[in-house]
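Here's the letter readout for the chains.
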Amino acid sequence: MKKFLLLLLVLSVGFQGALLAQTRTVTGKVTGGDDGQGIPRVNITVKGTTRGVPSGLDGTYTIEVSPSDVLVFSFVGYITKEVPVGNQTTINVTLDPDYAELEEVVVVGYGSQEKKEITSSVVALDAEDFNQGNVNDPTQLLQGKVPGLSIYNKGGNPNGGATIRLRGISTVGANVQPLVVIDGVIGASLDNVDPNDIATVNVLKDGSAAAIYGSRGSAGVILVTTKSGNRGGGLQASYNGYVAADEVFRFQPVMTPDEYVATGGNDLGSRTIWQEEITRTGISHVHNIAVSGGSENTTFRVSTNFRNIQGVLKKSGFDQINARANVNHYALNDRLNIQFNLSMTNRDQNFSFNEAFRYAALFNPTAPIRNPDGSYFQAILFDNFNPVAIIEQNVNLGKRNNLNFNTQMSYDILDNLTWSANYAQQFTTFTGGTFYPSNSLFRGFDRTGLASRRTDESKFTLFETYGTFVKDFDNANLTISAGYSFQEEVFTGFGMEAGNFPSNDLGYNIIGSSGNILGDGANVSLFSYESPENRIIAFFGRVNFSLDNGIFVNASVRREGSTKLGAENRWGTFPAFGVGADLLNYFDIAAFSQLKLRAGYGVTGSLPGPSGLAQDLFSYGFGGGGTVSFVRAGNPDLKWEEKAEINLGLDFGLLGGQLSGSLDVYSRDINDFILERTVDPAVYGTDRRYENAGKLNTKGLEFAINHAGIGSGDLNWSPGVVLSTYSTTLEEFVIPEQMIANLGSPGQNGTNMVRIAVGEKIGQIWGPVFSGNVDAEGRPVFVDLNNDGNLNTDQGNALDDDGDFQQLGNGIPTLEIGWTNQLSYGNWDLNVFFRAAFGHSLVNTFRAFYEPIDLGAINSYNRTKTDLQIPELQVAQFSSLYVEKADFFRLDNATLGYNFDMSNNSMFSKLRMYLSVQNAFVITNYQGIDPDPSLVDINDGNVLAPGIDRRNNYFSSRTFTFGLNVGF
């Protein structure tokens, strides 16, 4: 690891060029074009080398050069200038300010700040920084680009969302995903934004930045700004499209049909590679058309996006159309600004059945797909279904519609006083249906067919208004903001499931003709719901103060109330404070062109996911003449989860700003996290109740470094590296220790794999240690860890002092790395992005169930075959044998593009073609199909049980993309 990081550093900085024999001394002074004063710490280098000197406090310099050299003068905030040396011995240079860079503005909560004034941990990305290729989820644009932001869509299911974590676990029982704010709309859905329409993304990482969003900012905040028209820019149009081919990156390693028969498996006469039968080369195509324009007073942009996406699992994928429009109008001498945004998305989804992956790996490889009469072959065995039949016989469809709009208005009441308002609504509707015909053994056979339909609807309303006051002093600046926020959510839904149908022809559309409904009502499930009142009301304020353009102070507070909590605990207060200092404003440190120290403290909160937890919950059933059941006890004392975070940061620049980076260290405490618990029925009348249950502490470090460009002439290379590390400790909990994450069937239902204990790190994979030996009956022999002469590996004793169990790994990575390389040569550009994670382990559940060659069950299941297999082992029992280190280094994306010269073309303003490959290769020792961390147990969504590679995970793919970008 040390050698790898050292190599990155060497590549980023470059090699020292050799000095020419003939040199001379050149002196001079560098001054600023705005005031003529000398500029200290200007980076003066010999072009094509890293050899150079900084200017002094008065802007003067001395350097040894040759007549053929070219001097490059560069400094942050000024336009770089090049001067050939020739016969000169004195070279005085005046640099012109780069006002765009000096005033670079970063969007933060309820406004924006100049980048130099930010005191919290914020990362700003634009389109040039985004990941490229076949990107269908906006979060994929950021994967590996932001230190501390973990994004994993394990397997890459086109219908599955990514798991997103910002600085690890932010909560246990509430929402763990960062808050998304789109064009100022809090909680807007990323599902309603096409990646092509995103202009910038800003990530607020620490508590001092996110506290202004109160209860919804505890998991961090992702601010998305969509593209818009330019004032006075005239009419412009663009087309962006591509076609992509996905192929399975790696199949689950299992025995071939001949190996299966040689081992003793029942030969049914066929030779079927089941994993190939259920997968395909997924062909996808995407088209984006956008038109924008702008006059002096009004700008607009309208775009339409078409996506036809095929997954590698047959029948999986979606068809989507998305349309977005925005209008921006200025009036009253630009004192009034009105913006309107509208977006609509319609997505038709085919979810297929992820379970087919599991059964394709274990189904008898000598079985035929169909019987001679054309029906699907099916062995009547427990947990064993024909995987092709699962996909071809059954239906699993859905349709999602999103509509959201918002209107924003800002008015400059005075030159230094602005009032703003924002009103938004978002509507989401999902309808889904599944159907299993009467001849399908998978779920429908015992009920003469099975159909289900459901509809879910949600409506979100937002109204916010705030004012901003700005006051400039001789050497100081003051900005004060204060406002009000109202948020309301409503959820409704209806669903039904029934069986016993007269025909299979109409699928779930004949659910009304179910014999169960028309007959005795058995095997019928019917539900409907509506959420209780769910509102958030908040008052917030913020003060930004800068002194001497070198000291920056930010403070904010949000007072917020929610109907999700008890009447006595609805209100919470979320303060934040940050301070930053530009050290170069006060100290002469020649090596640096930027050196800013930051410190911040902020408190955010989290709300529980369900509503009405302060009230008792009852259910009613008609059985036995009608019964009322007490399902869950209310908790009127339930209060906010609260996260308090301290962040220390350093922003630095070297080589005249060519090399820049940041370092952040943080510690945060999450108190009173909310969980549903088993309680004493004698006290509460039922055994379920939500309570504030404990405390977590997370400590971490994040580092980023980027080079503006290394090279000469037409060749330029801009590398960048981000890395992060963190660990989370359970400091308090209502249960001292427990085992969670059940391995499951067949045969290991009583096996829990993850231990959580007070005072210890989250993510411990816990179990017995395999000795490497097998007894005469083919059973694994474990290690007597406590050396007491009594081997105790019964799962019921996993937490006992005399149990022979220990930590076998941890599901959370110790180190995550992203390495970006942007190269250009003439009209060619190449973007190469590597991603890596180290220190995490995965439980390979395929191996844990199907690797031992049980001669008694070989006729039932095929066997997983890996380099770690023990030939003599016949009994499947969880141990260290199936916990693998999953370190990996992956070429995540490589894109080669060519930009055609359009200078003499009257029709096109831009024409670019590109080829891209995603997931090109991965270096890992993990024997499963995908070494990406599993940050949550997909069986039950438990964030305290990372590291379980379940059998229903989607297969990962390698994607080849050909694309075209055209501007008119």
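Refer to the preceding data block for the structure.
Here is what the cut-offs are and how they apply
- Residues numbered from 1 in each chain as written.
- Predicted model: local features only at pLDDT ≥ 70, side-chain atom pairs only at ≥ 80, totals over all residues.
- Heavy atoms only, no water.
- Helix = DSSP H or I, 4+ residues; strand = E, 2+ residues; numbered from the N terminus.
- Buried < 20%, exposed > 50% of the residue type's maximum accessible area, 1.4 Å probe, protein only.
- Polar contact = N/O pair within 3.5 Å; in protein donor to acceptor, adjacent residues only side chain to side chain.
- Salt bridge = Lys/Arg side-chain N within 4 Å of Asp/Glu carboxyl O.
- Pairing = 2+ DSSP bridges.
- Axes fitted to C-alpha atoms, helices over the stretch in contact; angles between N-to-C directions.
- Contact = heavy atoms within 4.5 Å.
- Phe/Tyr/Trp six-rings, centres within 6.5 Å; stacked < 30°, edge-to-face > 60°.

It is worth spelling out the side chain of Asp664 at this point. With respect to the helices, strands and loops of the structure, Asp664 is situated in strand S34 (residues 659–671). Look at Asp664 and you get buried, because its relative accessible area is 3%. Among the polar contacts made by the side chain of Asp664, one reaches the side chain of Arg598 at a distance of 3.1 Å.

Bringing the pattern of salt bridges into the picture now. One pass over the full model with this rule turns up 38 salt bridges. The closest approach of N and O atoms between Arg535 and Glu488, which form a salt bridge, is 2.6 Å. Placement of the pair is Arg535 in strand S27 (residues 534–547) and Glu488 in strand S25 (residues 476–499), with a sequence separation of 47 residues. You can call Arg535 partly exposed: its relative accessible area is 33%. Overall, the relative accessible area of 22% leaves Glu488 in the partly exposed class. When the shortest N-O distance is used, the salt bridge between Arg912 and Asp829 registers 2.8 Å. Here Arg912, found in strand S51 (residues 910–924), pairs with Asp829, found in strand S47 (residues 828–838); they are 83 residues apart in sequence, far enough to count as distant. Here the two residues Arg912 and Asp829 agree in accessibility, since each one is buried. Three or more residues are tied together by salt bridges with common partners; here these are Arg167, Lys205, Lys643, Glu645 and Glu702.

A few words now on the sheet that holds strand S5 (residues 70–74). Ordered in space as S3-S2-S5-S6, the 4 strands form an open sheet in which the pairing is antiparallel. Every other strand in the sheet has two partners, leaving strand S3 (52–54) and strand S6 (81–84) as the edge strands with one partner each. Strand-to-strand twist of the sheet, defined as the mean angle between neighbouring strand axes without regard to direction, takes the value 20°.

Taking strand neighbours across the sheet as the criterion, the 4 strands line up as S39-S40-S42-S45 in an open arrangement whose pairing is antiparallel. Where the open sheet ends on each side, the last strands, each with one partner, are strand S39 (737–744) and strand S45 (806–810). Pairs of neighbouring strands in the sheet enclose a mean axial angle of 40°, with direction left out of account. Across 2 bridges, the pairing between strand S40 (residues 748–757) and strand S42 (residues 764–767) is antiparallel. Counted as the bridge partner of Arg755 is Gln764 from S42.

A few words on the environment of Val181. Positionally, Val181 belongs in strand S13 (residues 179–182). Using a relative accessible area of 4% as the deciding quantity, one classes Val181 as buried. If sequence neighbours within four positions are ignored, Val181 has contacts with Ile186, Tyr213, Val221, Ile222, Leu223 and Val224.

It is worth spelling out unusual backbone geometry at this point. Where the residue is not glycine, phi is negative for most of them; where a peptide bond is considered, it is trans in most cases. Residues Ser745 and Pro746 are joined by a peptide bond in cis, for which omega reads 10°. Within the element layout of this structure, Pro746 appears in the loop between S39 and S40. Unusually for a residue other than glycine, Asp548 sits at a positive phi of about 60°. Inspection of the secondary structure assignment puts Asp548 in the loop between S27 and strand S28 (551–562). With a phi angle near 55°, Asn549 is a residue other than glycine that sits in the positive phi range. Relative to the helices and strands, Asn549 is located in the loop between S27 and S28.

A word on the packing of aromatic side chains. When we look at a pair of aromatic rings, we describe it by the centre distance and by the angle of the planes. Taken as a whole and assessed by the stated rule, the structure comprises 31 aromatic pairs. On the basis of an interplanar angle of 75° and a centroid distance of 5.0 Å, the ring pair of Phe357 and Tyr954 is categorised as edge-to-face. Pair noted here: Phe357 is in helix H6 (residues 355–362) and Tyr954 is in the loop between strand S52 (948–949) and strand S53 (957–967), with a separation of 597 residues, a long-range link. For the pair Phe357 and Tyr954, a shared accessibility class is recorded, and that class is buried.

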